[in-house]
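Commentary on secondary and tertiary structure
Chain by chain, the residues:
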Amino acid sequence: MAWFGRKDPLQIIGFQTYGTRDHIYARGRALEDETIDLAQKGTIQLLLNSWKRFETDEIRNAPLKLHLSDGRILQVKTDDHGYFALDKTVGDLGPMVNAEQWLPYEISFDLTATRHKILESNRFPGAILIPSDNVSYGVITDIDDTILHTGVTSYMKWQVIANTLFKRAERRIPFQGAAELYHKFHRGKSGMEANPVFYVSHSPWNLYRYLEFFLSTNNFPKGPILLRSMASVLGRSVEGHIPHKEYEIRNILKTYPKMTFILVGDSGEKDADIYLKIARGFPGRIRAIYLRSVKHRSRMKRVRKLTGEETEIPVLVVDRSEEVMAHAKGMGFI
């Protein structure tokens, strides 16, 4: 119980995840409150916030309770890094899913006594997306250099570092037309659908609230945000040697075996390789792949050669969101 000696108030961050009508997949992290204000201005404050995001004081091996609105309580415990994951079949969740297809829940510390303050009266919100069986398709998208310019192809990734440390989330500018494109996917051909959008990124969980704030501020459709642990970022495999993005996409496809998907990424790193591997490993499940081009000659040459060999499904390398919209409209996606 080493965390009993901590001084700062305790909090739990419930990540936006996904599940089914009878299966919960809830994730989050228990931490000391670092009082990060994502809207604060000034270089010093930005650096301080960046330091706080990565110098986290996790609450290890803490018992938690997940509260459903029908009165059911599920037990879970944080790991050595303060993360919790509840992956469990629990019975019919349908009556608790709201009109936007989200299952809200609350998570709390299961403590009999503590000398330390717990924020929010020890009730922290979480949400699990449970898509309808009637959606036309799902969208799985990268974030970095796909909807948000980060500069992953810059020398030693200096643009990634500068953008993360010195720019507030609300000042980060999405690619032109990106939010409109994702809303068109979300609404589907009829304009009245609720196709799920899953955001998968190589960024660490430490940036969860930063990215959530960016997506919300820029009016992107709400969806599960799937990041990776710092151990994975530092090169220590946590998914059985499968790349993080591939691991997460495979889990989504296995969770919804009857759903087809559109994959959206960029040409900067390994999205083309991973997406084509997924398409071949799940025949008939991927309807199209869209890759945003990057300013890197050798990588673009490699990606164009790689995608040019694909004949089973449409693969487009594009410069602008309007190109995706035009193709998607022609395919009957929007």
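Residues numbered from 1 in each chain as written. Predicted model: local features only at pLDDT ≥ 70, side-chain atom pairs only at ≥ 80, totals over all residues. Heavy atoms only, no water.

When you line up the elements, I313 lands in the loop between α8 (297-308) and β14 (315-318). Through-space distance from the C-alpha of I313 to that of A288 is 6.0 Å; in sequence the pair is 25 residues apart. (Helix = DSSP H or I, 4+ residues; strand = E, 2+ residues; numbered from the N terminus.)

Let's shift gears to the pattern of salt bridges. Tallied over the full model, the rule gives 11 salt bridges. Here E58 ties to R29 by a salt bridge, and the two come within 3.9 Å at their closest N and O atoms. With E58 in the loop between α1 (43-54) and β4 (63-67) and R29 in strand β3 (residues 23-32), the pair connects residues that are 29 residues apart, well separated along the chain. Here E58 falls in the buried class, since its relative accessible area comes to 11%. The residue K245 makes a salt bridge to D271 at a minimum N-O spacing of 2.6 Å. Here K245 is found in helix α6 (residues 244-255), whereas its partner D271 is found in helix α7 (residues 271-281), with 26 residues between them in sequence. (Salt bridge = Lys/Arg side-chain N within 4 Å of Asp/Glu carboxyl O. Buried < 20%, exposed > 50% of the residue type's maximum accessible area, 1.4 Å probe, protein only.)

The geometry of α6 relative to α7 is characterised by a closest axis approach of 10 Å and an angle of 30° between their N-to-C directions. Between α6 and α7, the crossing angle belongs to the class labelled roughly parallel. Regarding α6 and α7, the two cross each other, and that crossing is right-handed. In this structure, α6 contributes K245, E246, I249, R250 and L253 to the contact, and α7 contributes D271, I274, Y275, K277 and I278. By residue class, the composition of the contact of α6 with α7 is 5 nonpolar, no polar and 5 charged. (Axes fitted to C-alpha atoms, helices over the stretch in contact; angles between N-to-C directions. Parallel < 35°, antiparallel > 145°, perpendicular 65-115°, else oblique. Left-handed = near helix turned anticlockwise from the far one by under 90°. Contact = heavy atoms within 4.5 Å. Nonpolar A, V, L, I, M, F, W, Y, C, P; charged D, E, K, R; others polar.)

Turning our attention to the pairing of strand β7 (residues 102-109). Burial analysis of β7 places 6 of its 8 residues in the buried class, the great majority of the element. Examined bridge by bridge, β4 and β7 share 4 bridges and lie antiparallel to one another. In the sheet register, L66 faces β7, and the bridge partner there is I107. (Pairing = 2+ DSSP bridges.)

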